[in-house]
Amino acid sequence: MNIVKGASFIKKGRVFDDVFACYQCCKCSAGCPVAFAMDLLPHQIIRHLIYHDTEKALASHTIWMCASCQTCNTRCPNEIDIAGVMDELRHMHIQSGRYPAEPATPLFHHTFLNEIQKHGRIHELSLMQRYTFKRRKLPGKGNLQDMLYDMKLGLKLFLRGKISLWPHRGRSRSEVAAIFKHEHGNKKT
Amino acid sequence: MKVSFFPGCSLEGTAREYGESIQTVCSTLNVVLEELDDWTCCGASSAHCTSRYLATALPGRNLALAESVGSDLVTPCAACFSRLKTAVHELSGSDSVAREYALKRPVNVRHILEFLCSEEMVQGIEERIVKPLTGLKALSYYGCLLVRPPNITEEPHWEDPRSLDALLIHLGAECIYWSYKTECCGGSLLLTNVDISRRLIGRMLDMACETEAECIVTACPLCQVNLDTRQDEIGELNKKEYSIPVFYFSELMGLAFNEPDAGKWLRRHIVDPQPLLKAKGLL
Ligand code: SF4
Ligand code: SF4
């Protein structure tokens, strides 16, 4: 049984402590804009955590599809921070190094954070280039039609002066690099 | 009046006209936006999806800069607003994960919409309206992070916010009521699950077309880009035609103030708003 394992997981995150207040009213799932695409609805994620079945939650597509719109936690009658739970589950998943149900999402976050680490700010053009390049190997992603749409849009944005060609070069990059160094140190411990 | 300003990354790229219109309108209102010196990215969704430390330390660095300046910190982006404000909460608590950025006093983070709609600004706006937006039927769109969760945003009417509505009416426009004011447009999924985003945007555009409104008004670079740039492709996939202009509220302020630069901002949109404005005699 994975109850013990689940329980030790649950102790890690502060927001997890509150899930036991859930009485399964489904208000969170009823208002979730992405519910139609999820394999587990938000209230089901919470239910699995109550049963200490963290594994089910971690293996779901839901944790990557959640748009962090904050509707669920805003409406929950028991003040459970469901969006925060989704965040904690993502953190746990990323730390575990397992293969995610939706690989594009953590890849995007990783690329995004790398850009910050490098330039201090996000440079949209270089983020898009790097992400598109890294994503090409993922299965079933980036069909031709979508690529054409993106290229057409890219051209329109360029013609309207909305694409800056060079990344910002701030003085603060070393300070930002230190934040990331600390983060990597955290991960190892 | 002088405040610290955190522009956020998209104002240097896809949301250029938002930045330009804000600068112009604020200088007309005698508001000095003092850009935080050497600010860095707040981490956006990617940081909070990845680690609690990054989600706090990345905005924390900027909050430390703002703390040393000492005035309110104003930002035009709903996502930056949300991340900065969440970090203020986190950094003011005793069990913060990023102690090196602990705040001695909480920085007052404000979204520029709330700032410009505040009591102190209303008078100034009133005085500068020379070309009221008479006859323009507009939908106000707040999106998610400007209003939710209310314990962070301090928005009193999170299911039915009104500040933008009030501003539009003030500017002379007709504000059309709709139930999608705070619906999610799926902006954070645009690059990873484009199908979901398209469906969410499509729903919103469908609803907008059902009303008699002629345009949507936003207060966030991510919302505007999401709603403005994908209308063609969603129309093609849904076998419909959408062409509803999506404004930044600051652009409409600029139009009402008769700012000479307004045409330049509007030419940057994907769905061209100029025919609509010309037809109304506003451009
Ligand atoms: S809204 Fe809250 S109480 Fe209701 S099912 Fe969701 S988490 Fe449980
Ligand atoms: S935060 Fe995530 S789970 Fe909650 S309503 Fe929004 S998309 Fe759904």
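Residues numbered from 1 in each chain as written. Chains lettered and ligands numbered in written order. Predicted model: local features only at pLDDT ≥ 70, side-chain atom pairs only at ≥ 80, totals over all residues. Heavy atoms only, no water.

**Description of the overall build of chain A**
The number of helices and strands found in chain A is 11 helices and 0 strands. The linear arrangement of helices and strands in chain A, starting from the amino end, is α-α-α-α-α-α-α-α-α-α-α. Looking at chain A residue by residue over its 189 residues, the buried ones come to 49%. Pairs at least 24 apart in sequence give 66% of the contacts found in chain A among residues at least 6 apart. By element, 60% of the accessible surface of chain A is carried by carbon and sulfur atoms, the whole surface being about 9,800 Å². (Helix = DSSP H or I, 4+ residues; strand = E, 2+ residues; numbered from the N terminus. Buried < 20%, exposed > 50% of the residue type's maximum accessible area, 1.4 Å probe, protein only. Contact = heavy atoms within 4.5 Å. Areas by Shrake-Rupley, 256 points an atom, 1.4 Å probe, with all protein chains shown as cover.)

**Describing the site of ligand 2**
Residue and element names in this part refer to chain A. If you check the shell around ligand 2, you find 13 residues, and the closest are C32, C66, A67, C69 and C72. Elements that contribute at least two residues to the shell around ligand 2 include exactly helix 6 (71–75) and helix 7 (82–96). Each residue belonging to the shell around ligand 2 can be placed in one class, and the counts come to 10 nonpolar, 3 polar and no charged. (Near = heavy atom within 4 Å. Nonpolar A, V, L, I, M, F, W, Y, C, P; charged D, E, K, R; others polar.)

**A word on the domain arrangement of chain A**
Taken domain by domain, chain A comprises domain 1 (18–95) and domain 2 (104–188). Taking only C-alpha atoms, the centre of domain 1 of chain A and the centre of domain 2 of chain A are 27 Å apart. (Domains from an automatic or database assignment.)

**Comments concerning helix 9 (residues 124–135) of chain A**
Side chains that are three or four residues apart share a direction in an α-helix, a result of its 3.6 residues per turn. Residues and elements named next belong to chain A. Look at helix 9: 16 Å from first C-alpha to last across 12 residues, which is about the 16 Å you get at 1.5 Å a residue. Residues of helix 9 that are buried: S126, L127, Y131 and R135. The arc that holds the buried residues of helix 9, viewed along the axis, is 150°, so those residues lie on one side. Opposite its buried face, helix 9 presents the exposed residues Q129 and F133, each directed more than 90 degrees away. Summarising the contacts, the buried residues of helix 9 are in contact with helix 8 (104–119). (Expected span 1.5 Å × (residues − 1). Arc of directions from axis to C-beta.)

**Concerning the site of ligand 1**
Within the structure, ligand 1 sits among 13 residues, and A:C22, A:C25, A:C26, A:C28 and A:C76 are positioned closest to it. In terms of residue class, the shell around ligand 1 is built from 9 nonpolar, 3 polar and 1 charged.

**Thoughts on the sheet that holds strand 4 (residues 109–111) of chain B**
Residues and elements named next belong to chain B. In spatial order, the strands read 2-1-3-4; together these 4 strands make up an open sheet with parallel pairing. The sheet is open, and its two borders are formed by strand 2 (32–35) and strand 4, each paired with just one other strand. Direction aside, the axes of adjacent strands within the sheet are offset by 40° on average. Sheet topology places strand 1 (residues 2–5) next to strand 2; 4 bridges connect them, and they run parallel. (Pairing = 2+ DSSP bridges. Axes fitted to C-alpha atoms, helices over the stretch in contact; angles between N-to-C directions.)

**Concerning the nonpolar core**
One finds B:F249 and B:M253 to be the most contacted residues of the largest nonpolar core, which totals 69 residues. Ranked by residue count, the leading element in this core is helix 12 (residues 249–256) of chain B, at 5 residues. Once residues within four sequence positions are removed from consideration, B:M253 is found in contact with B:V25, B:L29, B:L116, B:I125, B:L167 and B:L171. By size, the runner-up hydrophobic cluster in this structure holds 41 residues, among which are A:A104, A:L127, B:F6 and B:V88. (Core = buried A, V, L, I, M, F, W, Y, C linked by side-chain atoms within 4.5 Å.)

**Some details on the confidence of the model for chain A**
Residues and elements named next belong to chain A. When pLDDT is averaged along chain A, the result is 86; 89% of the residues meet or exceed 70. Mean pLDDT in chain A bottoms out at helix 1 (residues 3–12), which sits at 39, and peaks at helix 2 (residues 27–31), which reaches 98. Predicted confidence for residues 1–12 stays below pLDDT 50, and this span has 20 contacts to residues more than four positions away or in other chains. (pLDDT = per-residue confidence, 0-100.)

**Thoughts on the packing of aromatic side chains**
Given two aromatic rings, their pairing is described by the distance between the two centres and the angle made by the two planes. Scanning all chains against the criterion turns up 6 aromatic pairs over all chains. For the pair A:F108 and A:Y131, a centre-to-centre distance of 5.1 Å together with 80° between the ring planes defines the contact as edge-to-face. Placement of the pair is A:F108 in helix 8 and A:Y131 in helix 9, with a sequence separation of 23 residues. On the accessibility criterion, A:F108 (9% relative accessible area) is buried. With a relative accessible area of 2%, A:Y131 lands in the buried category. Between the aromatic rings of B:F6 and B:W39, the centroid separation amounts to 5.2 Å while the plane-to-plane angle is 65°, which identifies the pairing as edge-to-face. With B:F6 in the loop between strand 1 and helix 1 (16–28) and B:W39 in the loop between strand 2 and helix 2 (44–50), this pair connects stretches of sequence that are 33 residues apart. Overall, B:F6 belongs to the buried group, its relative accessible area being 1%. Residue class for B:W39 comes out buried when judged on its relative accessible area of 1%. An aromatic cluster is present here, built from A:F108, A:F112 and A:Y131 joined pairwise through their rings. Seen from the ring of B:W39, A:R121 lies directly overhead, with NZ or CZ sitting 3.5 Å from the centre. The ring of A:F133 has A:R136 lying over it, and the distance from NZ or CZ to the ring centre is 3.9 Å. (Phe/Tyr/Trp six-rings, centres within 6.5 Å; stacked < 30°, edge-to-face > 60°. Lys NZ or Arg CZ within 6 Å of the ring centre and 35° of its normal.)

**Topic: the pairing of strand 7 (residues 215–218) of chain B**
Residues and elements named next belong to chain B. Burial of strand 7 is two-sided: the residues C215 and V217 facing one way and the residues I216 and T218 facing the other way are all buried. Of the pairings in the sheet, the one linking strand 5 (residues 137–140) to strand 7 comprises 3 bridges and is parallel in character. Within the sheet, the bridge partner assigned to L139 lies in strand 7 and is I216. Here strand 7 runs beside strand 8 (residues 246–248); their pairing, made up of 3 bridges, is parallel. When the sheet's bridge partners are listed, V217 is paired in strand 8 with F247.

**Description of the interface of chain B and chain A**
Taken together, the 59 residues of chain B in the interface contact 60 residues of chain A. Counting the surface chain B buries against chain A, the share from its top three residues, B:C49, B:L191 and B:T192, is 12%. The interface formed by chain B and chain A includes 8 salt bridges. One salt bridge in this structure joins A:R121 and B:E12, with 2.7 Å as the shortest N-O distance. Here chain B and chain A share 30 residue pairs in polar contact (both at pLDDT 80 or more) between them. Mapped by element, the contributors of at least two residues to the side of chain B that touches chain A are helix 1, helix 2, helix 3 (52–69), helix 9 (194–210) and helix 11 (231–238) of chain B. The leading source of residues in the side of chain B that touches chain A is helix 2 of chain B, at 7 residues. Residues belonging to the side of chain B that touches chain A are distributed by class as follows: 24 nonpolar, 15 polar and 20 charged. (Buried area = accessible area lost by both parts, 1.4 Å probe. Salt bridge = Lys/Arg side-chain N within 4 Å of Asp/Glu carboxyl O. Polar contact = N/O pair within 3.5 Å; in protein donor to acceptor, adjacent residues only side chain to side chain.)

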